[in-house]
Amino acid sequence: MTHKIYQSFQAAKEHGEKKIVVLIDPDKFSLGNIKKTLELSIQAKVDYFFIGGSLVVNNMLDYCLQTIKESCDIPMILFPGNSFQLSYKADGILFLSLISGRNAELLIGKHVITAPYLKVSPLEILPTGYMLIDGGVPTTVSYMSNTQPIPANKDDVALCTAMAGEMLGLKMMYMDAGSGAKNPISSSMIDAVSSTIKIPLIVGGGIRTPEKAMENAKAGADVIVVGNAIEKNPNLINEMAEAVHGVSTPV
Ligand code: 1GP
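Keep in mind it's a predicted model, so treat the numbers as computed, not measured.

Chemist: Lay out the site of the ligand with the relevant residues and their values.
Modeler: Neighbouring the ligand are 13 residues, the closest being Asp 176, Ser 179, Gly 180, Gly 206 and Gly 227. Here Gly 205 contributes a backbone N or O atom positioned 3.1 Å from an oxygen atom of the ligand. Within the complex, the protein chains bury 98% of what would otherwise be the 310 Å² of accessible surface of the ligand. Counted by class, the shell around the ligand contains four nonpolar, eight polar and one charged residues.

Chemist: Outline the pattern of salt bridges, supporting the account with residue identities and numerical values.
Modeler: Enumeration according to the criterion identifies four salt bridges in this entry. Here Lys 13 and Asp 222 are joined by a salt bridge, their closest N and O atoms 2.9 Å apart. With a gap of 209 residues between them, Lys 13 in helix H1 (residues 4–14) and Asp 222 in the loop between helix H8 (210–219) and strand E8 (223–226) connect regions that are remote in the sequence. The class of Lys 13 is partly exposed, set by a relative accessible area of 24%.

Chemist: Which residues make up the packing of aromatic side chains, and what are the values?
Modeler: Counted under the stated rule, the structure contains seven aromatic pairs. Where Phe 50 meets Tyr 174, the ring centres are 6.0 Å apart and the plane angle is 50 degrees; that geometry is what we call tilted. Taken together, the residues Phe 50 in strand E2 (residues 48–51) and Tyr 174 in strand E6 (residues 172–176) connect sequence positions 124 residues apart. This pair shows no difference in class: Phe 50 is buried, exactly as Tyr 174 is. Pairing Phe 79 with Tyr 174 gives two aromatic rings, centres 5.1 Å apart and planes at 35 degrees, and the pair type is tilted. Of this pair, Phe 79 sits in the loop between strand E3 (76–78) and strand E4 (92–98) while Tyr 174 sits in strand E6, placing them 95 residues apart in sequence.

Chemist: If you had to explain helix H4 (residues 104–119) to someone new, which residues and values would you point to?
Modeler: Its 16 residues place the ends of H4 21 Å apart at the C-alpha level, agreeing with the 22 Å of an ideal helix rising 1.5 Å per residue. Along its length, H4 shows its largest kink, about 45 degrees, at Val 112, and proline Pro 116 lies within four residues downstream of that point. What H4 keeps buried is the set Gly 109, His 111, Thr 114 and Leu 118. In this structure, the buried side of H4 is in contact with E4 and strand E5 (124–132). By the N-cap criterion, in which a side-chain oxygen at the helix start approaches the backbone nitrogen of a residue two or three places on, H4 is capped by Asn 103, the distance to Glu 105 being 3.0 Å.

Chemist: Could you give me a rundown of the packing of helix H7 (residues 187–194) against H8, with the residues and numbers involved?
Modeler: Interhelical geometry of H7 versus H8 gives an angle of 30 degrees and a closest axis separation of 8 Å. Considering the angle they form, H7 stands roughly parallel to H8. Remark: the crossing between H7 and H8 carries right-handed chirality. Between H7 and H8, the contacting residues are Ser 187, Ile 190, Asp 191 and Ser 194 on the first element and Lys 212, Glu 215, Asn 216 and Ala 219 on the second. Classifying every residue of the contact of H7 with H8 gives two nonpolar, three polar and three charged.

Chemist: Can you tell me about unusual backbone geometry, naming the residues and giving the values?
Modeler: For residues other than glycine, phi is negative in most cases, and the peptide bonds are mostly trans. Of note in this structure, Lys 45 is not a glycine but carries a positive phi near 60 degrees. Looking at the secondary structure, you find Lys 45 in the loop between helix H2 (31–43) and E2. Owing to a relative accessible area of 61%, Lys 45 belongs among the exposed residues under this scheme. In the Ramachandran plot, Asn 146 falls in the positive-phi region, its phi being about 55 degrees despite a non-glycine side chain. Relative to the helices and strands, Asn 146 resides in the loop between helix H5 (140–145) and helix H6 (155–167).

Chemist: Please give an account of the side chain of Thr 139 that cites residues and values.
Modeler: Positionally, Thr 139 belongs in the loop between E5 and H5. Taking relative accessible area as the criterion, Thr 139 reaches 8% and is therefore assigned buried.

Chemist: I'd love a proper account of the state of the cysteines, names of residues and values included.
Modeler: For the structure on display, the rule yields zero disulfides. With no disulfide of its own, Cys 64 lies 11 Å from the sulfur of Cys 72, the closest cysteine sulfur.

About the criteria used
Residues numbered from 1 in each chain as written. Predicted model: local features only at pLDDT ≥ 70, side-chain atom pairs only at ≥ 80, totals over all residues. Heavy atoms only, no water. Near = heavy atom within 4 Å. Polar contact = N/O pair within 3.5 Å; in protein donor to acceptor, adjacent residues only side chain to side chain. Areas by Shrake-Rupley, 256 points an atom, 1.4 Å probe, with all protein chains shown as cover. Nonpolar A, V, L, I, M, F, W, Y, C, P; charged D, E, K, R; others polar. Salt bridge = Lys/Arg side-chain N within 4 Å of Asp/Glu carboxyl O. Helix = DSSP H or I, 4+ residues; strand = E, 2+ residues; numbered from the N terminus. Buried < 20%, exposed > 50% of the residue type's maximum accessible area, 1.4 Å probe, protein only. Phe/Tyr/Trp six-rings, centres within 6.5 Å; stacked < 30°, edge-to-face > 60°. Expected span 1.5 Å × (residues − 1). Bend = angle between axes of the 7 residues up to and from the residue. Contact = heavy atoms within 4.5 Å. Axes fitted to C-alpha atoms, helices over the stretch in contact; angles between N-to-C directions. Parallel < 35°, antiparallel > 145°, perpendicular 65-115°, else oblique. Left-handed = near helix turned anticlockwise from the far one by under 90°. Disulfide = S-S within 2.5 Å.

Read these as spatial facts, not as claims about activity.
Right, here's the structure in full:
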C-alpha cells in the first residue's frame, strides 16, 4: 500500500496549503452534470474527490469512479456510508471510525468485517476519526448511524473527542455537520479543534458559499468538503476553490 494521499494531506498542512474537496454522491450522479463537474473541477484545480453517500449501490459507484478516472488525475477517495461501498477503482478510502457516536458497530465492528478485504486491496487506507456535529437538522448520517451528533455549541466536547481520536492513532479528523446541514460548523469549534490536534482536519457539511469556505479554512480547517452546493450549481466550483486555496499561507 502506498501512502501518497496521506503524505499529500500532511505536506499541505505543514506548508500551510488549504485543500478543497468536491463530494460526489453516485446516487445523484447523471452523466450530464458529472461531466460539467469534472470539467470545472479540473479547471479550478480541485485537490481531491470524495465519493460516497449514505445509500449508494455498487454498480453506480464503479461507473462513477470509472468515468472520473477516464477524465482526470484528481485522486478519488471513497467516503463510504456503509461497508458495501467499496471499489478497487478508487485511489484511497477514508477508513472512518464514528468517534462522536457510541455505536460500537461504527466505532470498530464494521471495520473488523472489511479489514481482510482492504488488506488485499490496492486502496490507500486513511484512518479517519469521523465527528458528526449538529447542523440544525436531522441528517441521514445521524439517522442511519443511530448516533447523536455533538451539540453545535459544545466546542469542548468536540475538542476532547478529537484529542482522544488523535491519541488513539487516527491519522485525520473529519468534522461533518452532515450533507445539506442547515448550519455549517462554527468557526469557534473549528478553531478549538484545529489548535489542539496536529493531524489534518477535514471540515464539511452545509458549506454553501465561498465566504463560508474561506472562513472555515481561516479558522483552521486544512481541507474543505463541498457537496450539495456544487451539485446544485457546479459553477460554484471555481469560486469555492479560489476561496479555499486563497487562504493558504505558504511556510
Ligand atoms: C457531507 O461534508 C459533506 O458529508 C458535504 O456536505 O453536501 O452539505 O456540502 P454538503
